[in-house]
Amino acid sequence: MRRCVCPGSFDPVTYGHLDVVERASGLYDEVVVAVLFNVSKKGLFDVDERMEILRDVTEHLGNVRIQSFEGLLVDFASQNDIPVVIRGLRAVTDFDYELSMAQMNHRLTGLETFFVATNPEYSYLSSSLVKEVASHGGDVSGLVPKVVLERLRERFGSESSAGA
Ligand code: ADP
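Residues numbered from 1 in each chain as written. Predicted model: local features only at pLDDT ≥ 70, side-chain atom pairs only at ≥ 80, totals over all residues. Heavy atoms only, no water.

Looking at this model, I keep getting lost on helix α5 (residues 127–135). Mind explaining?
Count 3.6 residues to each turn of an α-helix, and residues three or four apart come out pointing the same way. Buried residues of α5: Ser127, Val130 and Ala134, and no others. The buried side chains of α5 occupy one side of the element, clustering within an arc of 60° when seen end-on. Considering only its buried residues, α5 is in contact with α1 (15–27) and α6 (146–156). Of the residues one or two after α5, Gly137 is the one with positive phi, at around 85°. (Buried < 20%, exposed > 50% of the residue type's maximum accessible area, 1.4 Å probe, protein only. Helix = DSSP H or I, 4+ residues; strand = E, 2+ residues; numbered from the N terminus. Arc of directions from axis to C-beta. Contact = heavy atoms within 4.5 Å.)

Explain the pattern of salt bridges here, please?
Close approach of charged atoms allows side chains with opposite charge to pair. Per the stated rule, a full pass over the model turns up eleven salt bridges. Here Arg151 ties to Glu52 by a salt bridge, and the two come within 2.9 Å at their closest N and O atoms. Of the two residues, Arg151 sits in helix α6 while Glu52 sits in helix α2 (residues 47–58), which places them 99 residues apart along the sequence. For Arg151, a relative accessible area of 16% translates into the label buried. Given a relative accessible area of 43%, Glu52 falls into the partly exposed group. Between Lys146 and Glu150 there is a salt bridge; the shortest N-O distance is 3.4 Å. Separated by four residues within a single helix, Lys146 and Glu150 lie in helix α6, roughly one turn from each other. One salt-bridge network, in which partners are shared between bridges, spans Glu49, Glu52, Arg151 and Arg155. (Salt bridge = Lys/Arg side-chain N within 4 Å of Asp/Glu carboxyl O.)

I tried to follow the site of the ligand on my own but got confused; where do I start?
Lining the immediate environment of the ligand, one finds 13 residues, of which Ser9, Phe10, Gly88, Tyr122 and Leu125 sit closest. Contacts to the ligand include Ser9, whose side-chain N or O atom sits 2.8 Å from an oxygen atom. One nitrogen or oxygen atom from the main chain of Leu125 is found 2.9 Å from a nitrogen atom belonging to the ligand. Spatially, the ligand is embedded in the largest pocket. For the shell around the ligand, the leading source of residues is α1, giving three residues. Of the residues in the shell around the ligand, the class split is five nonpolar, six polar and two charged. (Near = heavy atom within 4 Å. Polar contact = N/O pair within 3.5 Å; in protein donor to acceptor, adjacent residues only side chain to side chain. 1 Å grid on protein atoms, 1.4 Å probe; cavity = no way out; pocket = protein on both sides within 12 Å on 5 of 7 lines; lining within 4 Å. Sits in = over half its atoms within 2 Å of the grid points. Nonpolar A, V, L, I, M, F, W, Y, C, P; charged D, E, K, R; others polar.)

I would appreciate a short explanation of the pairing of strand β5 (residues 112–117) in the present structure.
The two faces of the sheet receive side chains in turn, since in a regular strand these alternate between them. In this structure, strand β4 (residues 84–89) lies alongside β5, joined through six bridges in parallel fashion. Each bridged residue has a counterpart across the sheet, and for Ile86 the counterpart in β5 is Phe114. Note on the crossover from β4 through helix α4 (residues 92–109) to β5: the handedness is right-handed. (Pairing = 2+ DSSP bridges. Right-handed = clockwise from strand over helix to strand, strands pointing away.)

Structure, rendered in C-alpha cells:
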C-alpha cells in the first residue's frame, strides 16, 4: 500500500491545507493527516478538536486517516510504515525552513519529502492569519470550511462571518 503523511498544526485547518490533502489523496492509497501535539504551544483549538474538524472535512475522500503525534515526525512515520511526507510550499518564504527540515528528516531515517506547489488562490493563507483576522471580526469565509467558520464564531463572537 502506498501511504503518505501530511503533517502540521492545523490550528485550524484551512482550504490551503485541504487542497494539499485532496491532491495527496488522489496520488496515494492512504493519506495520514498527522496533527502535531505540542505541550509547550497551546493552540486556539485543542488537538482533539482539530482532529474532529479534520475528520469532518475529509470524510468525502475515503482514504484519509486522522492521527496525532508527539515528538519526531520521522518516528511517527517509521512506526506507521510511511515513507513519504507531503508538504505544501506557499512561497519562497517557506522554502528555507522546509528544505532544512526535509534534509534533516532524510538524514535521520531516509524519510522522503515531496512538495506540492500551493494553489495560488491560497498562497497567502495561513492558520495564524485566519485566527488574527477572525479575532478582529474580519470575514474569513471562503478561506476555511464552514465548520471552522462556526467554531471561530463561537470563539470570537458573532462578528466573524459564518456565511459560506
Ligand atoms: P506547520 O505548523 O507545520 O507549518 P501548518 O498547519 O501551518 O503546520 O501547515 C501544514 C502543512 O500545510 C505544511 O506543509 C504547510 O506548508 C501546508 N500549508 C499551510 N497553509 C497552506 C496553504 N495556504 N496552501 C497550501 N499548503 C498550506
